[in-house]
Amino acid sequence: MVMASEKPVHFNFPEFKHVVVRDRKGEEILIRQYIHEKDREKLIEMYETYDPDYRCLGLPPISRKAIENWIDYLAENGFAIVAEKDGRIVGHLVIVPTEDMKVDLTIFIHQDYQNRGLGQEMMKLIIDCCKKAGFKGIMLVTERSNTRAIHVYKKMGFKIVAPYYECDMYLDLTEQQDK
Ligand SMILES: CC(C)(COP(=O)(O)OP(=O)(O)OC[C@H]1O[C@@H](n2cnc3c(N)ncnc32)[C@H](O)[C@@H]1OP(=O)(O)O)[C@@H](O)C(=O)NCCC(=O)NCCS
């Protein structure tokens with residue numbers, strides 16, 4: 001979970017090739033690279049309409065100003081992909097590199113599109129992308145009560161490394177080079 005306060009590390013990410021996936025309702029969804037200059041307003045819209053019941057560890061922020069600060073920080077320091085349906089952003093996954101060649105991952109799927117397989121599709125794509133870019137591992141933090149997120153992360157191979165209220169999870173990519 002990336003807050004807008006961590007020390008940035010700059011990294012040139014390889015180009016992300018867009019894909020169209022079919023979700024569990026049979027709808028086609030585009031997953032593509034997020035371009036901040038073009039997509040910023042659409043992403044703000046996703047977060048302004050995000051149901052607070054699905055916030056995790058205080059994110060996404062609620063006020064427009066705080067959303068703007070958060071996504072500007074993420075765009076400045078990270079690399080993101082989005083799920084898009086009919087021009088509307090319905091999912092956002094961002095990775096921010098750390099000094100030791102790992103990344104910190106954050107993902108939010110809009111409540112209208114949760115439980116349709118999009119989170120898993122986006123995770124698979126970004127894991128592949130991180131392997132290709134040579135990162136050693138992916139870190140994330142969720143809440144221990146967020147059983148759905150933990151289920152998805154475990155399915156992707158993440159292990160729990162600190163099982164407190166804030167549940168830290170890690171995917172070691174060095175063990176996965178040949179997979
Ligand atoms: C967590 C989140 C990213 C997952 O993305 P998603 O697109 O909804 O997830 P998917 O549809 O790909 O997969 C959901 C899986 O969880 C399972 N699931 C659903 N509700 C569940 C629950 N309450 N407990 C455990 N598993 C649950 C589904 O059966 C499915 O698993 P399966 O493929 O084995 O059947 C998304 O739901 C989300 O944004 N949630 C709110 C914000 C959040 O928690 N973000 C993570 C912050 S760390």
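Model, not experiment: these values are computed from the prediction.

In terms of regular secondary structure, the protein is built from four helices and eight strands. Ordered by position in the sequence, the α and β elements of the protein form the string β-β-α-α-β-β-β-α-β-α-β-β. Summarising its shape, the C-alpha atoms of the protein cover approximately 40 × 35 × 35 Å along the three principal directions. Counting across all 179 residues of the protein, residues that qualify as buried make up 32%.

Our next topic: the pairing of strand S8 (residues 166-172). Regular strands place their side chains on alternate faces of the sheet. Residue alternation in S8 divides its side chains into a buried set, Cys 167, Met 169 and Leu 171, and an unburied set, Glu 166, Asp 168, Tyr 170 and Asp 172. Sheet topology note: the strand S6 (residues 137-143)/S8 ladder contains seven bridges and is antiparallel. Residue Gly 137 lies in a different strand from S8, and its bridge partner there is Asp 172. Strand direction decides the pairing type here: strand S7 (residues 159-163) and S8, joined by four bridges, are antiparallel.

Another aspect to go through is unusual backbone geometry. Between Leu 59 and the following residue, Pro 60, the backbone shows a cis peptide bond with an omega angle of -5 degrees. Tracing the sequence through the fold places Pro 60 in the loop between helix H1 (36-48) and helix H2 (64-77). Here Met 101, not a glycine, exhibits a phi torsion of approximately 60 degrees, which is positive. Met 101 gets classed as partly exposed once you count the C-beta atoms within 10 Å, which come to 16. One non-glycine residue, Asn 115, lies in the positive phi region at around 65 degrees. Position of Asn 115 relative to the elements: it lies in the loop between strand S5 (102-109) and helix H3 (118-133).

Attention now goes to the site of the ligand. The ligand sits among 21 residues. The nearest are Gln 114, Gly 119, Gln 120, Thr 142 and Thr 147. Residue assignment for the shell around the ligand shows that the elements contributing at least two residues are S5, H3 and helix H4 (147-155). It is H4 that contributes the most residues to the shell around the ligand, six residues altogether. Residues belonging to the shell around the ligand are distributed by class as follows: nine nonpolar, nine polar and three charged.

Our focus in this paragraph is the sheet that holds S5. The strand order across the open sheet built from eight strands is S1-S2-S3-S4-S5-S6-S8-S7, with neighbouring strands paired in mixed fashion. The sheet terminates laterally at strand S1 (19-22) and S7, the two strands that pair on one side only. When the angles between neighbouring strand axes are averaged without regard to direction, this sheet yields 25 degrees. Sitting on the sheet, H1 touches strand S3 (79-85) and strand S4 (88-97), and the angle it makes with S4 is about 105 degrees.

The end-to-end C-alpha distance of H1 is 17 Å, a good match for the 18 Å that 13 residues give at a rise of 1.5 Å each. Bending of H1 peaks at approximately 25 degrees at the position of Lys 42. Among all positions in H1, only Asp 39, Leu 43, Met 46 and Tyr 47 are buried. Next to the buried residues of H1 lie H2, S3 and S4.

Moving on: the nonpolar core. Counting 43 residues, the largest nonpolar core has Met 122, Ile 126 and Cys 130 as its most contacted members. Looking at this core, the element that brings in the most residues is H3, giving seven residues. If we ignore the near neighbours within four places in the chain, the residues touching Met 122 are Ile 31, Ile 81, Ala 83, Gly 91, Leu 93 and Ile 107.

Calculation notes
Residues numbered from 1 in each chain as written. Predicted model: local features only at pLDDT ≥ 70, side-chain atom pairs only at ≥ 80, totals over all residues. Helix = DSSP H or I, 4+ residues; strand = E, 2+ residues; numbered from the N terminus. Buried ≥ 20, exposed ≤ 12 C-beta atoms within 10 Å, placed from the backbone. Pairing = 2+ DSSP bridges. Near = placed C-beta within 6 Å. Nonpolar A, V, L, I, M, F, W, Y, C, P; charged D, E, K, R; others polar. Axes fitted to C-alpha atoms, helices over the stretch in contact; angles between N-to-C directions. Contact = placed C-beta atoms within 7 Å. Expected span 1.5 Å × (residues − 1). Bend = angle between axes of the 7 residues up to and from the residue. Core = buried A, V, L, I, M, F, W, Y, C linked by C-beta atoms within 7 Å.

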